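Now for the letters of each chain:
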Amino acid sequence: MSVLIDTVAWVRIENGRILCARPKGKDVFYIPGGKREGAETDLETLLREIEEELTVGLVRESVVHAGTYEAHAHDGPGAPLVRMSCYYADYRGTLAASSEIEEVAWFTYADRPLVPPVDQLLFDDLEAAGELR
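Residues numbered from 1 in each chain as written. Predicted model: local features only at pLDDT ≥ 70, side-chain atom pairs only at ≥ 80, totals over all residues. Heavy atoms only, no water.

Engineer: Would you mind going over the pairing of strand β3 (residues 17-23) with me for this structure?
Structural biologist: Put simply, side chains in a regular strand alternate between the two faces of the sheet. With 5 of 7 residues buried, β3 is to be regarded as a mostly interior element. Where strand β2 (residues 13-14) and β3 come together, 2 bridges link them in antiparallel fashion. Paired with Ile13 across the strands is Ile18, a residue of β3. Taking the residues that link successive antiparallel strands as the turn, the β2-β3 hairpin has 2 residues, and the phi of Asn15 there is positive, at about 55°. With 6 bridges joining them, β3 and strand β9 (residues 101-107) adopt antiparallel strand pairing. Of the residues in β9, the one forming a bridge with Leu19 is Trp106. (Buried < 20%, exposed > 50% of the residue type's maximum accessible area, 1.4 Å probe, protein only. Helix = DSSP H or I, 4+ residues; strand = E, 2+ residues; numbered from the N terminus. Pairing = 2+ DSSP bridges.)

Laid out in structure tokens, this is it:
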């Protein structure tokens, strides 16, 4: 049985571009979010991770499920399986990279190769729905 990495991610799209973040010490961009801690719900994980990474508070009432995706990390069948539950949400505050985040970027569909396989599945759906340029 392969290892499952259970994550929650925030889908923020503005002007046809999706918000992505590159953690310190990594060369890959990810949809902002992270791993569940203990018995946290998706919502609790999402609110905590986004505040930790991007210093903004998500508006709890605006959170809507965008889809759940699964793919092996780094293209290998022997690699852990990543499950990413994605949510749209409005936010309060000013987006800023925290001490955990090296760089924040707004990606179009052309930037798809710069994100991991599970994030690429989300990019495909957003592009097909006309949300991503």
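Engineer: Just checking my understanding: could you explain the layout of surface pockets for this structure?
Structural biologist: Rolling a probe over the atoms, with the probe sized like a water molecule, indicates the empty space that remains. Volume-wise, the largest pocket comes out at about 620 Å³. Around the largest pocket, the lining is made up of 28 residues, and of these Thr7, Lys26, Tyr30, Gly34 and Lys35 lie nearest the centre. Secondary-structure elements contributing two or more residues to the lining of the largest pocket are β1 (4-11), β3, β4 (33-35), α1 (42-54), β6 (64-72), β7 (81-88) and α2 (117-128). With 4 residues, β1 is the largest single contributor of residues to the lining of the largest pocket. (1 Å grid on protein atoms, 1.4 Å probe; cavity = no way out; pocket = protein on both sides within 12 Å on 5 of 7 lines; lining within 4 Å. Points joined across faces, edges and corners; volume = space filled by probe spheres on them.)

Engineer: Whenever I open this one, unusual backbone geometry confuses me. Can you help?
Structural biologist: With the exception of glycine, most residues fall at negative phi, and the peptide bonds are largely trans. You will see that Asn15, though not glycine, has its phi angle at about 55°, which is positive. Tracing the backbone shows Asn15 in the loop between β2 and β3. Overall, Asn15 belongs to the exposed group, its relative accessible area being 66%. Positive phi, close to 60°, is recorded for Thr55, a residue that is not glycine. Relative to the assigned elements, Thr55 resides in the loop between α1 and β5 (57-58).

Engineer: Explain the packing of aromatic side chains here, please?
Structural biologist: What characterises a pair of aromatic rings is the spacing of the ring centres plus the angle enclosed by the ring planes. For the coordinates displayed, the defined rule picks out 2 aromatic pairs. Ring geometry for Trp10 versus Tyr91: centroids 5.5 Å apart, planes at 80°, classification edge-to-face. On the criterion of sequence distance, the pair formed by Trp10 in strand β1 and Tyr91 in strand β8 (residues 91-92) is long-range, its members being 81 residues apart. Under the relative-accessibility criterion, Trp10 is labelled buried at 0%. Of the residues examined, Tyr91 reaches a relative accessible area of 24% and is grouped as partly exposed. (Phe/Tyr/Trp six-rings, centres within 6.5 Å; stacked < 30°, edge-to-face > 60°.)

Engineer: Whenever I open this one, the environment of Val11 confuses me. Can you help?
Structural biologist: Structurally, the position occupied by Val11 is in strand β1. Judged by relative accessible area, which is 1%, Val11 ranks as buried. With 43 residues separating them along the chain, Val11 and Leu54 place their C-alpha atoms 13 Å apart. When residues no more than four places from it in sequence are discounted, the contact partners of Val11 are Ile18, Ala66, Cys86, Tyr87, Tyr88, Ala89, Leu122 and Leu126. (Contact = heavy atoms within 4.5 Å.)

Engineer: Would you take a moment to explain the state of the cysteines for this structure?
Structural biologist: Defined simply, a disulfide is a covalent bond joining two cysteines at their sulfur atoms. For the structure on display, the rule yields 0 disulfides. Counting only cysteine sulfurs, Cys86 is the nearest neighbor of Cys20, a cysteine outside any disulfide, at a range of 11 Å. Judged by its relative accessible area of 0%, Cys20 is buried. Overall, the relative accessible area of 0% leaves Cys86 in the buried class. (Disulfide = S-S within 2.5 Å.)

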